[in-house]
Amino acid sequence: MEFDIVIVGAGPAGSTVARKVAAAGFSVLIVDKRQELGSPIQCSGAVSRHALLENGVEPDTEFIHEPIYGFKIMNGLGGEKEIDYRKLKPNVYGTQEGANPLGYVVDRRRFDRYLLTQAERAGAKAWLKAEAIGYEQAGDDVIISIKHYNKIERVKTEIIIGADGLRSQVGKWAGIKTHIKLKELASCLQFVVDGVETNGLLELITGSQTAPGGYGWVFPKGNGYAEIGLGIIAPYTNVNAQVHLDRFIKNSFLSHRFKNARLLEVQGGGVPLASPLKKQFARNIILVGDAARHVNPITGGGIHTALSGGTVAAEFLIKHLPSGDDNSEKNLAEYQDNWLEAFGNQMWKLYDVKKKIFKEKDITIQDKKLFETMGNYFSPNSDYKKI
Amino acid sequence: MKKPVIFDIGWNACINCGACIAVCPQPAGFVSDFDTIAVNTPCEIACMKCEDICPVSTISHLVVAAQENPHK
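None of these values were measured; they are calculated from a predicted model.

A. Local environment of the overall build of chain B. Within chain B, the secondary structure is distributed over two helices and two strands. The N-to-C order of helical and strand elements in chain B reads β-α-α-β. Across the 72 residues of chain B, 47% fall into the buried class. A sequence separation of at least 24 residues applies to 64% of the contacts in chain B between residues at least 6 apart. Total accessible area on chain B is roughly 3800 Å²; 54% of this is exposed by carbon and sulfur atoms.

Structure representation (structure tokens):
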């Protein structure tokens, strides 16, 4: 069996590469070891509208939980900054005719399935319950071994796309330094609940009292549901995320809003608040999405960066595959150069901003800086709106 | 020198978040069938970062005596 590219992982990054490369006429196999994409949910699901549109994804009721119109950043000490685009740009954002939402909270199960559907409709072949277990060199190509319903399939390909998430095994196979420090990986937990009112804003709660090293959130989830969650950095606290979330719900300045909350789902994940990987490619290998640590180091948001990184990878491959160039590390380096130019350099700047905040030893000043940075980040004048 | 450990996961509380694998410095393959860190293989590094990151503190460990380690 032979494909031009094999993509390991059918999340937003992998399916974007699959859709775009298949649409350009190349043979694409995308594999995922799960039986239900997007599950278990490890993400709050917030994504901007322009992130979808600029990567060729039409907002669709199939995956949208609720439209979003802005942000409210709170610090639990009386500090509040509301950035409601319905008020700031009423002709552009809102529910009235001709206006649009700023973004959406999406259902990751439906969203990931939708993206894979689009990839398959573009011509990609997809296997679920298919775990990539290793690869070997075959001249300028590679043979990847995939365990598919207990049967080992050997597939020859030019390039393996590692879109297998933060825990990327593909990156490890290729000897790429993927290890993340404990103090740069947020331990996140969220509850989907009924009985908590929201009003179309993503509410972010900064401050070490709520979430040491990270932040808390209350997001609208559609149908009257909400998600209440937080991410902490383990070395900054001596209790786990579950304890912090319990305190946030029962004993914080927002507790009065949560008193009628009825639990519907428990979700969690490790979210990198880290720099992108310094090297995101190897011979015959390209990493995208969380696997390349294409995650916003301030917000932890990863859907936009995954879609955009997938687009950059696809555009590179569409040029590289028919070029006759071999699949050496040297020839794949251009992918990372393109990504740095499009987004990566901005992400590195954001990482420096984040690092400076948490280098501050005085917790009061650190909390103040994070609150200000979050407020500035989401403002209409932000330098970083694109990521 | 840290002694090897074998991890135990309280599956009842595990939310399959994958944070333990994400932070694990082991080479590829140190994972269980349930997408957590491996539970049937001694961990020679014993850094305990997986225990530290777990949002619900459901990972624990037992120190493995040298003679019990099948890889020694």
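Okay, back to it.
B. Region of the structure containing the overall build of chain A. When helices and strands are counted, chain A shows 10 helices and 18 strands. What you see for chain A is a C-alpha radius of gyration of 21 Å, in line with the 21 Å of a compact globule of 387 residues. Projected onto the principal axes, the alpha-carbon positions of chain A cover approximately 65 × 50 × 40 Å. When the 387 residues of chain A are sorted by exposure, 57% land in the buried category. When the accessible surface of chain A is summed, it comes to about 16300 Å², and 47% of that surface belongs to carbon and sulfur atoms. One way to put it: in chain A the 48 positive side-chain charges average out to a point 5 Å from where the 44 negative ones average out.

C. Up close: the nonpolar core. Ranked by size, the top nonpolar core spans 47 residues in total, and within it I228(A), L245(A), F248(A), F258(A), F7(B), I37(B) and I59(B) carry the most contacts. When residues of this core are traced back to their parent elements, those giving at least two are β12 (185-194), β15 (225-233) and α6 (241-250) of chain A together with β1 (5-9), α1 (19-23) and α2 (49-53) of chain B. Ranked by residue count, the leading element in this core is α1(B), at five residues. Once you skip the residues sitting within four places of it in the chain, F7(B) turns out to touch I37(B), A38(B), V39(B), C43(B), M48(B), C50(B), E51(B), I59(B), S60(B) and H61(B).

D. Expanded view of the domain arrangement of chain A. Residue and element names in this part refer to chain A. Looking at the assigned domains, one finds that chain A contains domain 1 (2-38 + 107-180 + 275-354) and domain 2 (64-105 + 182-272). A C-alpha centroid distance of 30 Å is found between domain 1 and domain 2. In this complex, domain 1 contributes 13 residues to the contact, which on the side of domain 2 involves 11 residues. Regarding the contact of domain 1 and domain 2, the summed buried area is about 920 Å², with carbon and sulfur atoms giving 52% of it.

E. How the structure looks around the pairing of strand β6 (residues 80-84) of chain A. All names here are of chain A. Here strand β5 (residues 70-74) pairs with β6 via five bridges, running antiparallel. Bridging from a neighbouring strand, I73 pairs with K81 of β6. Between β5 and the antiparallel strand that follows it, β6, lie five residues; G76 among them carries a positive phi value of about 80 degrees.

F. Representation of the UniProt feature "domain: Digeranylgeranylglycerophospholipid reductase catalytic" (unreviewed entry) in chain A within the structure. The UniProt entry lists residues 186-271 of chain A under the feature "domain: Digeranylgeranylglycerophospholipid reductase catalytic" (unreviewed entry), expressed in the numbering used here. Span residues 186-271 of chain A is 16% helix and 48% strand, its end C-alpha atoms 5 Å apart.

G. Broad picture of the sheet that holds strand β7 (residues 103-106) of chain A. Residue and element names in this part refer to chain A. Read from one edge to the other, the open sheet built from three strands follows the order β3-β7-β4, with strand pairing classed as antiparallel. Because the sheet does not close on itself, it has two edges, and the strands there are β3 (46-48) and β4 (64-68). For this sheet, the mean inter-axis angle between neighbouring strands, taken without regard to orientation, is 30 degrees. For β4 and β7, the ladder comprises four bridges, and the chain directions are antiparallel. Each residue of the ladder has a partner; that of E66, found in β7, is V105.

H. Expanded view of the interface of chain A and chain B. The interface is formed by 25 residues belonging to chain A together with 23 residues belonging to chain B. Summed over both sides, the interface between chain A and chain B buries roughly 1900 Å², with carbon and sulfur atoms accounting for 60% of that surface. Residues K33(A) and D35(B) are paired through a salt bridge, measuring 2.7 Å at the closest nitrogen-oxygen approach. The interface formed by chain A and chain B holds 10 residue pairs in polar contact (both at pLDDT 80 or more) in total. Among the secondary structure elements, those contributing two or more residues to the side of chain A that touches chain B are α5 (169-173), β12, α6 and β16 (262-272) of chain A. No other element matches β16(A), which puts five residues into the side of chain A that touches chain B. Residue composition of the side of chain A that touches chain B, grouped by class: 11 nonpolar, 10 polar and four charged.

I. Local environment of the pairing of β12(A). All names here are of chain A. Of all 10 residues making up β12, nine are buried, and the element is well covered by its neighbours. Examined bridge by bridge, β12 and β16 share 10 bridges and lie antiparallel to one another. Residue D194 lies in a different strand from β16, and its bridge partner there is R262. The pairing of β12 with β15 spans nine bridges and is antiparallel.

J. Seen up close, helix α1 (residues 12-23) of chain A. All names here are of chain A. In this model, α1 (12 residues) spans 16 Å end to end at C-alpha, consistent with the 16 Å of a helix rising 1.5 Å per residue. For α1, the tally of buried residues reaches 10 of 12 residues, placing the bulk of the element in the interior. Along α1, the residues that are buried comprise P12, A13, G14, S15, T16, V17, A18, R19, V21 and A22. For α1, the elements touching its buried residues are β1 (2-8), β2 (28-31), α4 (108-121), β11 (151-162) and α8 (303-320). One or two steps after α1, the chain reaches G25, where phi turns positive at roughly 100 degrees.

K. Seen up close, the sheet that holds β5(A). Residue and element names in this part refer to chain A. One open sheet accounts for seven strands, arranged β6-β5-β13-β14-β15-β12-β16; its pairing is mixed. Sheet topology places β6 and β16 at the edges, where each strand pairs with a single neighbour. Averaged over all pairs of adjacent strands, the angle between their axes in this sheet comes to 15 degrees, without regard to strand direction. Strands β12, β13 (201-205), β14 (215-222) and β15 of the sheet are contacted by α6, whose axis makes an angle of about 130 degrees with β15. Against the sheet, helix α10 (residues 363-377) makes contact with β5, β6, β13 and β14, and its axis sits at roughly 10 degrees relative to β6, the strand it touches most.

Analysis parameters
Residues numbered from 1 in each chain as written. Chains lettered and ligands numbered in written order. Predicted model: local features only at pLDDT ≥ 70, side-chain atom pairs only at ≥ 80, totals over all residues. Heavy atoms only, no water. Helix = DSSP H or I, 4+ residues; strand = E, 2+ residues; numbered from the N terminus. Buried < 20%, exposed > 50% of the residue type's maximum accessible area, 1.4 Å probe, protein only. Contact = heavy atoms within 4.5 Å. Areas by Shrake-Rupley, 256 points an atom, 1.4 Å probe, with all protein chains shown as cover. Rg over C-alpha atoms; globule rule 2.2 N^0.38 Å. Lys, Arg positive; Asp, Glu negative; His and termini not counted. Charge placed at Lys NZ, Arg CZ, Asp CG, Glu CD. Core = buried A, V, L, I, M, F, W, Y, C linked by side-chain atoms within 4.5 Å. Domains from an automatic or database assignment. Buried area = accessible area lost by both parts, 1.4 Å probe. Pairing = 2+ DSSP bridges. UniProt positions renumbered as here; feature names shortened; annotations may be inferred. Axes fitted to C-alpha atoms, helices over the stretch in contact; angles between N-to-C directions. Salt bridge = Lys/Arg side-chain N within 4 Å of Asp/Glu carboxyl O. Polar contact = N/O pair within 3.5 Å; in protein donor to acceptor, adjacent residues only side chain to side chain. Nonpolar A, V, L, I, M, F, W, Y, C, P; charged D, E, K, R; others polar. Expected span 1.5 Å × (residues − 1).

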